[in-house]
Amino acid sequence: MSARAYLRCLLGILVREALRFLHQRERFFGALVRPLVWLFIFAAGFRSILGVSIIPPYETYILYEEYIVPGLMAMILLFSGMQSSLSMVYDREMGSMRLLMISPFPRWYLLFCKLIAGALVAILQVYLFLAIAWFWEVRPPPIGYLLAFPALLFASLMLGALGLFLSSVIRQLENFAGIMNFVIFPMFFASSALYPLWRIRDSSLLLYEICRFNPFTWAVELIRFALYARIDWPSLAGVALALGVFLGAALLGYDPGRGMLRRRPGG
């Protein structure tokens, strides 16, 4: 097949994901309600208690709501990646992906297109959240809005690849919610999204090490530094490593000869 055919496949999946996002309004509001509740209520309640001292990439003392905005941006990517994998479970059983998987296109390319489409939809939600946060006086440098895009794309691909891998091992749609509870909440709370890691180190060294090697922490810090026009190279390397591992596991899981699909009845 020609490069034009591959491009048409990519555009088709992108358009389908965009239309699904536009038609599912509850998905749009659900993606924004969670971070806005944390920003408007949780951060307001802890502003006087959990102010953040001068730590990179910040050059001065900041309020708590400014600190948690990058973590809430990553939370949108995380939940969006899990929702995309949920739709993958449905589509694989009775939707469009059931037909795409038997198309002449390589399976890795189809999964990559799905991953790109989900990442772009998630990034759109993040920028809508940033627009609302701007009116809440959370205003990073203007150049940070542009420089954050590569970090958001990289982090979204990593979290989306994790969701694809999980969708490859879930046999029934009903089991998805239970498995997500063991992934989303531990990744989110055991990270630097809500509090600096040095505060965790003061209370528990073991928990500090868990948070430090949490891939979600790498995603949060990558976004945080990019939003303030800086690069956190350890986080960038960690996200790249996690992306490679999760994507490789997802490709293996969707390989009918070697992955979980081979062990499914009728797979």
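Keep in mind it's a predicted model, so treat the numbers as computed, not measured.

Enquirer: Could you give an account of the overall build of the chain, naming the residues involved and the relevant values?
Expert: A count of helical and extended segments in the chain gives 12 helices and 0 strands. Along the chain, helices and strands appear, N-terminal first, in the series α-α-α-α-α-α-α-α-α-α-α-α. In the chain, which comprises 267 residues, the share counted as buried stands at 49%. Long-range contacts, defined here as pairs at least 24 residues apart, represent 76% of the contacts in the chain between residues at least 6 apart. With an accessible surface of roughly 13100 Å², the chain has 70% of that area assigned to carbon and sulfur atoms.

Enquirer: Which residues make up the environment of Ile 184, and what values go with them?
Expert: Mapped onto the elements, Ile 184 comes out in helix α8 (residues 184-189). With relative accessibility at 6%, the residue Ile 184 sits in the buried group. Setting aside residues up to four positions removed in sequence, Ile 184 forms contacts with Leu 78, Phe 79 and Met 82.

Enquirer: Could you give me a rundown of a nonpolar patch on the surface, with the residues and numbers involved?
Expert: A cluster of nonpolar residues, Phe 29, Val 33, Val 37 and Ile 41, forms a patch on the protein surface that exposes about 390 Å² of accessible area. Counting through the fold element by element, Ile 41 comes out in helix α2 (residues 25-46). Among the residues examined, Ile 41 registers a relative accessible area of 58% and is labelled exposed.

Enquirer: How would you summarise the packing of aromatic side chains if you had to cite specific residues and measurements?
Expert: Throughout the structure, instances matching the rule amount to 15 aromatic pairs. Relative to Phe 105, the ring of Tyr 6 has its centre 5.3 Å away and its plane inclined at 80°; by these criteria the two rings are edge-to-face. Of this pair, Tyr 6 sits in helix α1 (residues 3-23) while Phe 105 sits in the loop between α4 (96-100) and α5 (107-135), and the two are 99 residues apart along the sequence. Residue Phe 105 is classed as buried on the basis of its relative accessible area, which comes to 15%. Pairing Trp 38 with Phe 188 gives two aromatic rings, centres 5.8 Å apart and planes at 70°, and the pair type is edge-to-face. With Trp 38 in helix α2 and Phe 188 in helix α8, the pair connects residues that are 150 residues apart, well separated along the chain. The structure contains a cluster of three or more aromatic residues connected by ring pairs, namely Trp 38, Phe 42, Tyr 64, Phe 185, Phe 188, Phe 189 and Phe 216.

Enquirer: If you had to explain the UniProt feature "transmembrane region" (unreviewed entry) in the chain to someone new, which residues and values would you point to?
Expert: Per the UniProt record, "transmembrane region" (unreviewed entry) is found at residues 36-55, 67-90, 111-136, 142-166, 178-198 and 233-254. From the first C-alpha to the last, residues 233-254 spans 31 Å; its make-up is 95% helix and 0% strand.

Enquirer: So what's going on with the pattern of salt bridges? Which residues, and what values?
Expert: Counted by the stated rule, this structure contains 4 salt bridges. Between Arg 16 and Glu 17 there is a salt bridge, with its nearest N and O atoms 3.7 Å apart. Given a relative accessible area of 30%, Arg 16 falls into the partly exposed group. You can call Glu 17 buried: its relative accessible area is 2%. In this structure, Glu 221 engages Arg 224 in a salt bridge whose closest nitrogen and oxygen atoms are separated by 3.3 Å. Of this pair, Glu 221 and Arg 224 both sit in helix α11 (residues 215-227), 3 residues apart, roughly one helical turn. Across the pair, Arg 224 and Glu 221 agree in class, each one buried. In the salt-bridge network here, residues are joined through shared partners; they are Arg 16, Glu 17 and Lys 114.

Enquirer: Tell me about unusual backbone geometry, and name the residues and values.
Expert: A negative phi angle characterises most non-glycine residues, just as the trans form characterises most peptide bonds. Phi is positive for Glu 137, close to 65°, though the residue is something other than glycine. Within the secondary structure layout, Glu 137 lies in the loop between α5 and α6 (142-169). Positive phi, normally seen in glycine, also occurs at Ala 229, with a value near 60°. Assessed through its relative accessible area of 41%, Ala 229 is described here as partly exposed.

Scoring rules and cut-offs
Residues numbered from 1 in each chain as written. Predicted model: local features only at pLDDT ≥ 70, side-chain atom pairs only at ≥ 80, totals over all residues. Heavy atoms only, no water. Helix = DSSP H or I, 4+ residues; strand = E, 2+ residues; numbered from the N terminus. Buried < 20%, exposed > 50% of the residue type's maximum accessible area, 1.4 Å probe, protein only. Contact = heavy atoms within 4.5 Å. Areas by Shrake-Rupley, 256 points an atom, 1.4 Å probe, with all protein chains shown as cover. Patch = residues over 30% accessible without salt bridge, like charges linked within 9 Å, V, L, I, M, F, W, Y side chains within 5 Å. Salt bridge = Lys/Arg side-chain N within 4 Å of Asp/Glu carboxyl O. Phe/Tyr/Trp six-rings, centres within 6.5 Å; stacked < 30°, edge-to-face > 60°. UniProt positions renumbered as here; feature names shortened; annotations may be inferred.

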